[in-house]
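As a plain string of letters, each chain reads:
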Amino acid sequence: MPLKLPEYQAFSHQIIKWYRENPRDLPWRNSSDPYKIWLSEIILQQTRVAQGLPYYYAFTQAYPTVKDLALAPESEVLRLWQGLGYYSRARNLHFCAKFIWHELEGKFPTRYDELIKLKGVGSYTAAAISSFAFGEVKAVVDGNVFRVLARYFGIETDIASSKGKKEFETLANELIPADTPGEFNQAMMDFGARLCTPKNPDCTNCPIKSSCFAFQHQLVGSLPVKINKVKIKERSLNYLVIRCGTDWVWKKRGAGDIWEGLYDFPSEEISQQGGLLSEDPKPFPKKYRHLLSHQKLEAKFSEVEIPINNREKLAQWCENKGFELVAENEIEYLAKPKLIVNFLTDQGF
DNA sequence: AAGTCGGGGAT
DNA sequence: ATCCCAGACTT
């Protein structure tokens, strides 16, 4: 049963009132620079504020403007993104910066319909940028908004379905006030992040519990409904750590798999090195388990020492295989998956 | 509509 | 262990 307009206004008013008394102090707020807002939104996709904060500082310091980001090499951008995950975000970020600098005369798009055309900018991020930076009346719908709306209005639609996404976006856009859209969006997310949390929400101190459907019907623990269908595959990686003097053999990972654009080692059945190996690889004792959102990795590393007089042969082999010889003191500048960083740390790097 | 893409914190 | 985080893209 749809609520009447006055009740919508009451909800929005209460949310904003709560927000004005309980705002999070975040560095990208009170900035109307669309570049910095865009940067923060990309960093925060599927990422907690606490985890993203140090990356936001690193990026704004390294690249204060979209021009600085556009003129940086992708390798450097990925290295700065190292450890944050979902690396396509960093590649798309860099692509967009170049596009904006070279094709749009450095001028950031201002409207939702234009912003959503940018790589890596979906409905959430386009609404966030357009409302925060330009005051456009577009409601953000992130995990927080799903949760607050599902509970308050008692909506049982699966939030992972496209039907659910559409339904919640429609509702949020009916709720958002035309005079303070950005503030309402911030308020919804802060309310969900600090009070209406996934586990143990602070219903006792909730200013709208008396009209919250979930609270009144003991459904807080079962809303929102999210049908998860991620199947986790197990996968084993056998890495060869090939060294020749102070040079290491590295492989830049390609498309169609995890960690695209990042560096790790040659793996699997490199059993036929064409007589390059004088002796068998020596396995490192430790096995590494690494969890991704949809893969359970078990990695083993083996050490291969190439005699220095075979360096030319090794270099030729790398050339053929698409591997790269990297000097030991350059390794820190490669963007690497956390798994590889963990391994290197254990080796004293 | 379903599958893919990281890493970490809270419970 | 499980869930979820200021989601988006590809198939």
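Above: the structure in question.
Residues numbered from 1 in each chain as written. Chains lettered and ligands numbered in written order. Predicted model: local features only at pLDDT ≥ 70, side-chain atom pairs only at ≥ 80, totals over all residues. Heavy atoms only, no water.

Describing the overall build of chain A
Now for step 1: The secondary structure content of chain A amounts to 14 helices and seven strands.
Now for step 2: Dimensions of chain A, computed from C-alpha atoms along their principal axes, come out at roughly 80 × 50 × 30 Å.
Now for step 3: Within chain A, buried positions represent 45% of all 349 residues.
Now for step 4: Nonlocal contacts in chain A, meaning residues at least 24 apart in sequence, comprise 68% of its contacts between residues at least 6 apart.
Now for step 5: Here chain A displays about 18,500 Å² of accessible surface, and carbon together with sulfur accounts for 50% of that area.
Now for step 6: Within chain A, the 42 negative side-chain charges are centred at a point lying 5 Å from the centre of the 45 positive side-chain charges. (Helix = DSSP H or I, 4+ residues; strand = E, 2+ residues; numbered from the N terminus. Buried < 20%, exposed > 50% of the residue type's maximum accessible area, 1.4 Å probe, protein only. Contact = heavy atoms within 4.5 Å. Areas by Shrake-Rupley, 256 points an atom, 1.4 Å probe, with all protein chains shown as cover. Lys, Arg positive; Asp, Glu negative; His and termini not counted. Charge placed at Lys NZ, Arg CZ, Asp CG, Glu CD.)

Some thoughts on the protein's contact with DNA strand C
Now for step 1: With respect to spatial proximity, 27 residues lie near DNA strand C, and among them Trp-28, Leu-44, Gly-120, Thr-125 and Arg-147 are the closest.
Now for step 2: In the environment of DNA strand C, a base oxygen lies 3.2 Å from a nitrogen or oxygen atom belonging to the side chain of Arg-48.
Now for step 3: Among the elements of the structure, helix H8 (123-134), helix H9 (143-153) and helix H11 (181-194) are those that each provide at least two residues to the surface near DNA strand C.
Now for step 4: For the surface near DNA strand C, the class distribution of residues is eight nonpolar, ten polar and nine charged. (Near = heavy atom within 4 Å. Polar contact = N/O pair within 3.5 Å; in protein donor to acceptor, adjacent residues only side chain to side chain. Nonpolar A, V, L, I, M, F, W, Y, C, P; charged D, E, K, R; others polar.)

Digging into the pattern of salt bridges
A side chain of one charge can pair with a side chain of the opposite charge when the charged atoms of the two come close.
Now for step 1: Throughout the structure, instances matching the rule amount to 16 salt bridges.
Now for step 2: Here Asp-257 makes a salt bridge to Arg-235, at a shortest N to O gap of 2.7 Å. With a gap of 22 residues between them, Asp-257 in the loop between strand S2 (247-252) and strand S3 (263-264) and Arg-235 in strand S1 (residues 233-244) connect regions that are remote in the sequence.
Now for step 3: When salt bridges with common partners are traced through the structure, they connect Arg-235, Arg-253, Asp-257 and Asp-264 into a single cluster. (Salt bridge = Lys/Arg side-chain N within 4 Å of Asp/Glu carboxyl O.)

Side note on the packing of H9 against H11
Now for step 1: Remark: H9 packs on H11, axes separated minimally by 8 Å, with the N-to-C direction vectors making an angle of 80°. Relative to H11, the element H9 is oriented roughly perpendicular. Contacts from Asn-144, Val-145, Arg-147, Val-148 and Leu-149 in H9 reach Met-188, Met-189, Phe-191, Gly-192 and Ala-193 in H11.
Now for step 2: Of the residues in the contact of H9 with H11, the class split is seven nonpolar, two polar and one charged. (Axes fitted to C-alpha atoms, helices over the stretch in contact; angles between N-to-C directions. Parallel < 35°, antiparallel > 145°, perpendicular 65-115°, else oblique.)

Quick notes on empty space enclosed by the protein
Now for step 1: Enumeration over the complete set of coordinates arrives at two cavities of 30 Å³ or more.
Now for step 2: The calculated volume of the largest cavity comes to roughly 120 Å³.
Now for step 3: Taken together, 14 residues form the lining of the largest cavity, with Arg-151, Cys-196, Cys-203, Cys-206 and Cys-212 sitting closest to its centre.
Now for step 4: The leading source of residues in the lining of the largest cavity is H9, at three residues.
Now for step 5: When its residues are assigned to classes, the lining of the largest cavity shows twelve nonpolar, no polar and two charged. (1 Å grid on protein atoms, 1.4 Å probe; cavity = no way out; pocket = protein on both sides within 12 Å on 5 of 7 lines; lining within 4 Å. Points joined across faces, edges and corners; volume = space filled by probe spheres on them.)

Examining the pairing of S1
Now for step 1: In this sheet, strand S6 (residues 295-305) lies alongside S1 in parallel orientation, the contact comprising eleven bridges. When the sheet's bridge partners are listed, Tyr-239 is paired in S6 with Phe-301.
Now for step 2: As judged from the two bridges shared by S1 and S2, these two strands associate in the antiparallel manner. Each bridged residue has a counterpart across the sheet, and for Arg-243 the counterpart in S2 is Trp-248. (Pairing = 2+ DSSP bridges.)

Observations concerning the nonpolar core
Now for step 1: Judged by nonpolar contacts, the single largest core of 99 residues is most densely connected at Phe-11, Trp-38, Leu-149, Trp-250 and Phe-301.
Now for step 2: Both of domain 1 (5-222) and domain 2 (233-346) provide at least three residues apiece to this core.
Now for step 3: The residues touching Leu-149, leaving out its near neighbours within four places in the chain, are Phe-11, Gly-154, Ile-155, Phe-168, Leu-171, Ala-172, Leu-175 and Met-188.
Now for step 4: Counting residues in hydrophobic clusters, the runner-up holds ten residues, among them Leu-240, Val-304, Cys-318 and Phe-323. (Core = buried A, V, L, I, M, F, W, Y, C linked by side-chain atoms within 4.5 Å. Domains from an automatic or database assignment.)

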